[in-house]
Amino acid sequence: MDRHDMLLSPAGVDALRTALTRARFTANGIADRLGPQATGAVARNDYRAALRATEDRDPLGTLIRVFICDQTEPEPVVAAALAPLTVEEALAGGLVERHGEGLRAGVDLEPYGDDWFVLADVPASARPGRPLHAEHVLGIGGATQTLIGATVRRPVETALDLGTGSGVQALHLSTHARRVTATDVSERALRFAATTAALNGQDWELLRGDLVAPVAGRRFDLVVSNPPFVVGPGTTTHVYRDSGRVGDAIGAELAAAAPHLLTEGGTMQYLANWVHVTGEDWAERVTGWFAGTGLDAWVIQREVADPMAYVNLWLTDVGEVADPQRMAAWLDWFDAHKVEAVGFGIVSLRRAGHDEPVVRVEDLRQRVEPPLGDRVGEWFDRQDWLRARDTDGLLAARYRAADELQLRQEATMGEEGWAVDRQVLAMPRGLRWSEEIDPLVLALVGGADGRLPLRDQLALLAAAHDVAPEELAEAAGPIVAHLVERGIVEPVAD
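Let us look at the structure shown here. (Residues numbered from 1 in each chain as written. Predicted model: local features only at pLDDT ≥ 70, side-chain atom pairs only at ≥ 80, totals over all residues. Heavy atoms only, no water.)

One way to see where empty space is left: roll a probe the size of a water molecule over the atoms. All chains considered together, the criterion is met by one cavity of 30 Å³ or more. Taken as a whole, the largest cavity spans an internal volume of roughly 90 Å³. What lines the largest cavity is a set of 13 residues, and nearest its centre among them are Val-230, Gly-232, Gly-234, Thr-235 and Asp-242. By residue class, the composition of the lining of the largest cavity is four nonpolar, five polar and four charged. (1 Å grid on protein atoms, 1.4 Å probe; cavity = no way out; pocket = protein on both sides within 12 Å on 5 of 7 lines; lining within 4 Å. Points joined across faces, edges and corners; volume = space filled by probe spheres on them. Nonpolar A, V, L, I, M, F, W, Y, C, P; charged D, E, K, R; others polar.)

This part is about the packing of helix 16 (residues 439-446) against helix 17 (residues 454-465). At their nearest, the axes of helix 16 and helix 17 sit 10 Å apart, and the two run at 135 degrees to each other. By the angle between their directions, the pair helix 16 and helix 17 is classed as oblique. Where helix 16 crosses over helix 17, the handedness of that crossing is right-handed. Side by side, helix 16 and helix 17 meet where Leu-440, Ala-443 and Leu-444 of the first sit next to Leu-454, Gln-457, Leu-458, Leu-461 and His-465 of the second. Tallied by class, residues from the contact of helix 16 with helix 17 come to six nonpolar, two polar and no charged. (Axes fitted to C-alpha atoms, helices over the stretch in contact; angles between N-to-C directions. Helix = DSSP H or I, 4+ residues; strand = E, 2+ residues; numbered from the N terminus. Parallel < 35°, antiparallel > 145°, perpendicular 65-115°, else oblique. Left-handed = near helix turned anticlockwise from the far one by under 90°. Contact = heavy atoms within 4.5 Å.)

Counting through the fold element by element, Ala-473 comes out in helix 18 (residues 469-486). Overall, the relative accessible area of 15% leaves Ala-473 in the buried class. It is 80 Å that separates the C-alpha atoms of Ala-473 and Glu-101, two residues lying 372 residues apart in sequence. Not counting residues within four places of it along the chain, the set of residues in contact with Ala-473 comprises Leu-395 and Leu-458. (Buried < 20%, exposed > 50% of the residue type's maximum accessible area, 1.4 Å probe, protein only.)

Structurally, Glu-485 is set in helix 18. Side chain to side chain, Glu-485 and Arg-360 meet in a polar contact 2.8 Å long. Filtering out sequence-adjacent residues up to four positions away, Glu-485 remains in contact with Arg-360, Trp-379, Arg-382, Gln-383 and Leu-386. (Polar contact = N/O pair within 3.5 Å; in protein donor to acceptor, adjacent residues only side chain to side chain.)

Below, the discussion takes up unusual backbone geometry. For residues other than glycine, phi is negative in most cases, and the peptide bonds are mostly trans. Cis rather than trans, the peptide bond between Ala-83 and Pro-84 has omega equal to 15 degrees. Tracing the sequence through the fold places Pro-84 in the loop between helix 5 (75-82) and helix 6 (87-92). Not every positive phi belongs to a glycine, and Arg-57 is a case in point at roughly 55 degrees. Among the structural elements, Arg-57 can be located in the loop between helix 3 (48-53) and helix 4 (59-68). Under the relative-accessibility criterion, Arg-57 is labelled partly exposed at 31%. Even without being a glycine, Leu-211 presents a positive backbone phi close to 50 degrees. Relative to the elements of secondary structure, Leu-211 occurs in the loop between strand 7 (205-208) and strand 8 (220-225).

The next thing to look at is the packing of aromatic side chains. Applying the stated rule across the entire model yields 14 aromatic pairs. Ring centres of Tyr-310 and Trp-314 lie 6.5 Å apart, and the angle between their planes is 65 degrees; on these two criteria the pair is classed as edge-to-face. With a gap of four residues between them, Tyr-310 and Trp-314 both fall in helix 12 (residues 307-317), about one helical turn apart. Comparing Tyr-310 with Trp-314 shows no difference in burial state: the two are buried. For the ring pair Tyr-310 and Trp-330, a centre distance of 6.4 Å and an interplane angle of 85 degrees mean the geometry is edge-to-face. Residue Tyr-310 is found in helix 12, and its partner Trp-330 is found in helix 13 (residues 324-336); the two are separated by 20 residues along the sequence. For the pair formed by Tyr-310 and Trp-330, the shared burial category is buried. Here a set of aromatic residues connected by ring pairs shows up, and it is made of Phe-229, Tyr-310, Trp-314, Trp-330, Trp-333, Phe-334 and Phe-344. (Phe/Tyr/Trp six-rings, centres within 6.5 Å; stacked < 30°, edge-to-face > 60°.)

This is how it looks when you write it as structure tokens:
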């Protein structure tokens, strides 16, 4: 994509960067100016304290009022804050717009991280009653943050952002990828992404097209995507939300494309919605997406919504709340296809080059220790360790229980005192898994102090429980593999 195809000219981008940095219009600069109380209030869309703190309308105060508090300010004051960028350039690029007797934000210009800036469209909530553009470009929302946190941040040579929108995922990829490619079906979105890249001193390859079409035949070490994953009848009104695919087909489509996009050892991660159909196991449905791909897959479901809440959410997102016909048609489609709920989660795939890939589809709705991307990387590492060992290899290894592992017991008072009914191993860190266990597994984990090979540990347990050692070893293999996969016990390096 031509680097001149931006909201502003290259010289205009340089002038804008100068204005923003000179005024300290950064996340840290704004926090220092407003203080913790007003900064926290702004996060809740309460601008009262922020407006009081910026009444002098110096450049930083004016930028905060215009781009953070969505105020209309006198043109001379805005001109002073944006200089050396001229008001005419800012108006032509849509950075600001005339409103009443002054100027207000025409885009969402968000200071982000330590010294980044992200450009997107003004959200629907800030312009009630004004329909969103069909190619509306989202800013940094909840789904965006979810993918940012879930991405494995290890150094790679090449990275691809499918459906880049404002470019925020590509911005993060640039911190650990030597070359970044980003695609979008929307020319308008690519203009925003190009401006975000230039404003942050980045040079990305930007390509227009639907999903993987612009990069057909190419492979990448890391692929991420926050696609238009919303489930419905396939109606397209807003490209950031609607893919034009029926139901949850876009999730399956990305899974099918992944083997052809990834280098050996490459990883692909994307957000997805999937339907829960009455009488069907949702996990089996999603597992089917990966049949024949040859990829390791870990899918975690983070949220589930009923159809009414789901439709309300997405209609509100684009300001369509007052359209009962659109709501009725959407809900009728859910009814016709027996959709009782919609799940949301993260798909992580890896091309590991093995004949028997590991596929796990599971609920993980508990709060996890951030960043989730580190946990995903560790999960794939554990799969590599397990895949390299048969049962004898597992028995020969030494293990230790995870740090801070807890045992929780439920007991009932009876005639002879407390009787333990249920025992649960709980991890207070990491993925915070909880596992109900029997006394034998408890003894196994309790004895995992890293000193004895598992085979010797099982021999002691077999003698204590009057069980044949070979029977216990045979049963313990899958159990230990599961405990390792979950990170409840960890192999000790020789």
